[in-house]
Amino acid sequence: MAFKKFCSHCGCNRLIDCTERYCDVHKKRDKAESDKQYDKHQRNKESKAFYNSTAWKRKRQQILIRDKGIDVYVYMTEGRVVKAEHVHHIVEIDEDPSLALLDDNLISLSAATHSIISGVYKDARKRQQMQAKLRAFLRDFKL
């Protein structure tokens with residue numbers, strides 16, 4: 001029997017798996033509210049416009065197809081096939097906007113890998129090393 005606990009949302013009495021924090025209803029509400037606050041106070045308006053553009057949506061789909069829908073980083077480092085959900089800019093848009101839609105600057109990643117790489121990018125020296133590694137993986141993956 002799996003251990004259960006109550007949803008952490010104030011006043012909710014739904015039982016959930018002990019590894020979760022919120023029930024399905026409150027996960028969605030909290031995520032939606034969090035996204036709304038992020039959009040309002042933190043998100044870069046130009047970036048949002050770019051990611052909502054038809055050009056980006058088409059390019060993103062092309063890159064996922066090119067990379068066969070798999071996380072290139074995990075495939076090249078571990079030999080495992082993991083579904084890609086994100087298309088990552090190797091050189092970020094705010095660093096060089098002219099590279100935003102270039103195929104050689106885009107790589108398919110899973111959400112977990114994208115989070116890890118975003119963390120690495122916070123250190124400038126590590127970012128350059130990771131960018132070189134991602135370019136090499138992309139080049140070798142295409143062969």
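To continue, consider the nonpolar core. Among the nonpolar cores identified, the biggest contains 13 residues, and Tyr73, Ile90, Ile107, Ile117, Tyr121, Met130 and Leu134 are the most heavily contacted of them. Among all residues touching methionine 130, those that are not within four sequence positions of it are Tyr73, Ile117, Val120 and Tyr121. By size, the runner-up hydrophobic cluster in this structure holds 9 residues, among which are Trp56, Ile63, Val87 and Leu106.

Turning to the environment of serine 118, a few remarks are in order. For serine 118, the location among the structural elements is in helix α5 (residues 111-120). For serine 118, a relative accessible area of 29% gives the class partly exposed. It is 9.4 Å that separates the C-alpha atoms of serine 118 and histidine 88, two residues lying 30 residues apart in sequence.

Positionally, serine 110 belongs in the loop between β4 (106-109) and α5. Looking at serine 110, its side chain comes within polar contact range of the side chain of threonine 113, at 3.0 Å. Each residue touching serine 110, except ones within four places of it in the same chain, is listed here: Asp71, Val82, Lys83, Ala84, Glu85 and His86.

Parameters at a glance
- Residues numbered from 1 in each chain as written.
- Predicted model: local features only at pLDDT ≥ 70, side-chain atom pairs only at ≥ 80, totals over all residues.
- Heavy atoms only, no water.
- Core = buried A, V, L, I, M, F, W, Y, C linked by side-chain atoms within 4.5 Å.
- Buried < 20%, exposed > 50% of the residue type's maximum accessible area, 1.4 Å probe, protein only.
- Contact = heavy atoms within 4.5 Å.
- Helix = DSSP H or I, 4+ residues; strand = E, 2+ residues; numbered from the N terminus.
- Polar contact = N/O pair within 3.5 Å; in protein donor to acceptor, adjacent residues only side chain to side chain.

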